[in-house]
Amino acid sequence: MCGIAGTFRQGRLGDPRPMAAALDAMARRGPNDRGTETIATPAGDLVFGHTRLSVIDLSAGGHQPMHGADGRLSLIFNGEIYNYRELRRELQLAGAQFRTESDTEVLLQAWSRWGEACLPRLVGMFAFALFDRAEGVLTCVRDPFGIKPFFYNWDAQGFAFASELPAVKALLGGKVSLDLQRAYDYLVHGDYDTSERSFLQGVRHLMPGHLLRVRLGQPASAPVSWWQPRVSPVQKLSFEQAAEAFREKLLHSVRLHLRSDVALGAALSGGLDSSSIVCAMRHVEPGLPIHTFSYVARGSAVSEEAWVDRINAHVGAVGHKVELAPEELANDLEDMIVAQGEPFGSTSIYAQYRVFKLAREHGVTVTLDGQGADELLAGYNGYPGKRARSLLDEHRYGDAWRFLQGWAQWPDRVLREGAKAAVAEWVDGPVYDVLRKLNGNRTQPDWLDAEALRQQGVHFRFPRQRSPYDQPGRRLVSELAHSITRRGLSSLLRHGDRNSMRFSVESRVPFLTTELADFLLTLPEEYLISPEGETKRILRAAMRGIVPDEVLDRRDKIGFSTPEQAWLQQIAPQVRQWLGDDVGLGFLRRDRILAEFDAVIAGRAPFSWQVWRWINFTRWYARFFAR
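Note that this is a predicted model, so its numbers are computed, not measured. Once a new chain begins, its residue numbering starts again from 1 and follows that chain's sequence as written. Only residues with pLDDT of 70 or above have their local features reported here, since the model is predicted, and side-chain atom pairs are shown and tallied only from 80 upward, although totals for entire chains, interfaces and linings are computed over all residues. Hydrogens and water are ignored here; the side-chain numbers use all heavy atoms of the structure.

Engineer: Mind showing me how you'd approach the overall build of the protein chain here?
Structural biologist: Secondary structure counts use DSSP, requiring at least four H or I residues in a row for a helix and at least two E residues in a row for a strand, with both numbered from the N terminus. In terms of regular secondary structure, the protein chain is built from 25 helices and 17 strands. Our radius of gyration looks at C-alpha atoms and nothing else; its globule reference is 2.2 Å times the residue count to the power 0.38. Whereas a compact globule of 627 residues would reach a radius of gyration of roughly 25 Å, the protein chain reaches 24 Å, a difference of no more than 12%. The principal-axis extent of the C-alpha atoms belonging to the protein chain is close to 65 × 60 × 50 Å. In the protein chain, of all internal contacts separated by at least 6 residues, the share reaching a separation of at least 24 is 73%. Of the roughly 24300 Å² of accessible surface on the protein chain, 49% is carried by carbon and sulfur atoms. Residue contacts are defined here by distance: any two heavy atoms, one from each residue, within 4.5 Å place the two residues in contact. With residues, only the protein chains shown are counted as cover, and all accessible areas are computed by Shrake-Rupley using a 1.4 Å probe.

Pasting the structure below:
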């Protein structure tokens, strides 16, 4: 796990300071090694930079940039290729000779032999840049789910890329400005990490499952997709057959994700997903020492400690727990904002931040967790509107009504809300906007100077993305396919990547492989959510006998939830001072923000995530754009 950076400018680049500053900004991503190299090309100088967190092949042989034996290809790579041993054997049979034991060299040799056709063969998480001297082409690639980050900027002066925004800023000499549209989308609607646009003007995400070819010295071309999830055709398997097949695929994925030359453990929330990963670790490696790391909120209604204890006892794991106090959040918030590099949605990620810190304190460099299962298995609230519409597409009106009734019997669900979600499936355009407003949402809240933003070209709207995979009768899995590539999962993966990298920990997510995605999303939808509204139906069946029944049969799920409102009350004076600071954002009306904040603290207004968006954004802006 590493940090990568690169820049190309026409002519010769004599100043090493921007790359050095970029690597300094990502030092925690790679504390074990650092490498830079300038590659002279006819069009100009290409500079590669790399910081290394050693996980596989701890020797100096894994140093990057790495070059092919004939000198044609040069690679910088962030991530892990879990099936590198199998690929290595295949390449050796084809005549390849290896100098190291690293997965980086396997990737380099695979590209040398198969080119872009190697990408679907890779099981892993990755972002990399590979330069072909013979072609004069730089190819940038991001993994199918966007587990590993890749930002880039392409303008008249050249091309720059890096694993994190602060590093891109360093490469651009600090000459960056705020993307006001993304600032508005985040502050007003909580929308972020859902499009190519980042919080910096002109700096873009390379989207999940995409690659970008840069022919040095020529005009820019658009990124192209190399992988997209499939939602059809539907597999003809019985539920029992599907559950057995899913069980084997998940266990195989966990087995691959356990490959490491350093100590590993697991992030355990106590919910079904992380519990399944921990129990699968024990199932595939009976003798493996397992250390788990958990946040617990003792004395709170959101505590999962009892469930964490059950799993640790079941697998014989050594459990490590962390409790959090409001003053700790206040003390750590600035550091977490720096670690994230961009605004985020709520303090729930602080629990995750502390879990990775706990892992590092106990000498663990690699953790596995259950991220991605909700998006692949129809978790959360079960997407009732999407499932109901699929049934209605097939004219199964009675089944749709019975599904919504069964769905509403589960905790924290109300039939009225399920019915509203179903009706919303047919609503779009101005009618959709009206319904959002009736629910209390606003496009131009009074704490915003809307006119100032309008003059800068900001559009006031309710963001709404439709799945490009949408098919009648497959509305649910179409939405899940959209969630794993563009909306929902992308922000969660970003939080996990930055929080883990802050403490030089590699976070692995065994649910997120293309094999599992293509299998699950082509199953009948009722295999994911039952006709009675039970979410993750196939996971519960597949893990029967591996995960304790009382966990599989839970009817609630909390995870790394934090008592956010209570924390806010206790650190209100500090928060009020932050919100009152003039950080140079003229479109924010601080007096009205403070009035709304005071109303929340006094109980005159309900608590909402809006408060934390104000805090996160203003503190991030003050740090990122500090002069």
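Back to the write-up after that little detour.
Engineer: When you look at the pairing of strand E1 (residues 2-10) in this model, what are you seeing that I'm missing?
Structural biologist: Note on classification: 1.4 Å probe, protein chains only; a residue is buried when its accessible area is under 20% of the maximum for its type, exposed when over 50%, partly exposed between these limits. With eight of nine residues buried, E1 lies mostly within the body of the structure. The pairing of E1 with strand E9 (residues 158-162) spans five bridges and is antiparallel. Within E9, the position partnered with Arg9 by the bridge is Gly158. Think of it this way: DSSP has to see at least two bridges between two strands before they count as a pair.

Engineer: Would you take a moment to explain empty space enclosed by the protein for this structure?
Structural biologist: Here a cavity means grid points, on a 1 Å grid over the protein atoms only, where a 1.4 Å probe fits yet cannot get out; a pocket means an open set of points with protein on both sides within 12 Å along at least five of seven lines; lining residues are those with an atom within 4 Å of a point. Grid points are joined across faces, edges and corners, and a volume is the space filled by probe spheres set on the points. Summed over all chains, the structure comprises four cavities of 30 Å³ or more. The computed volume of the largest cavity comes to approximately 150 Å³. Every residue lining the largest cavity is counted, 18 residues in all, and those nearest its centre are Arg142, Asp193, His205, Ser490 and Arg494. Broken down by element, the residue count for the lining of the largest cavity peaks at five residues, all from helix H18 (residues 489-502). Class assignment of the residues belonging to the lining of the largest cavity gives a composition of six nonpolar, five polar and seven charged. Nonpolar residues are Ala, Val, Leu, Ile, Met, Phe, Trp, Tyr, Cys and Pro. Charged residues are Asp, Glu, Lys and Arg, and all others, Gly as well, are polar.

Engineer: In this structure, what is going on with the layout of surface pockets? I would like to understand it.
Structural biologist: One way to see where empty space is left: roll a probe the size of a water molecule over the atoms. Of the voids in this model, the second largest pocket is the one considered here, and its volume is about 470 Å³. For the second largest pocket, the lining is made up of 24 residues, of which Thr7, Arg9, Leu13, Pro18 and Leu171 are closest to its centre. Counting residues per element, the ones that place at least two in the lining of the second largest pocket are E1, helix H1 (17-25), strand E2 (33-41), strand E8 (151-155) and helix H4 (165-171). Per element, the largest residue contribution to the lining of the second largest pocket is three residues, and it comes from E2.

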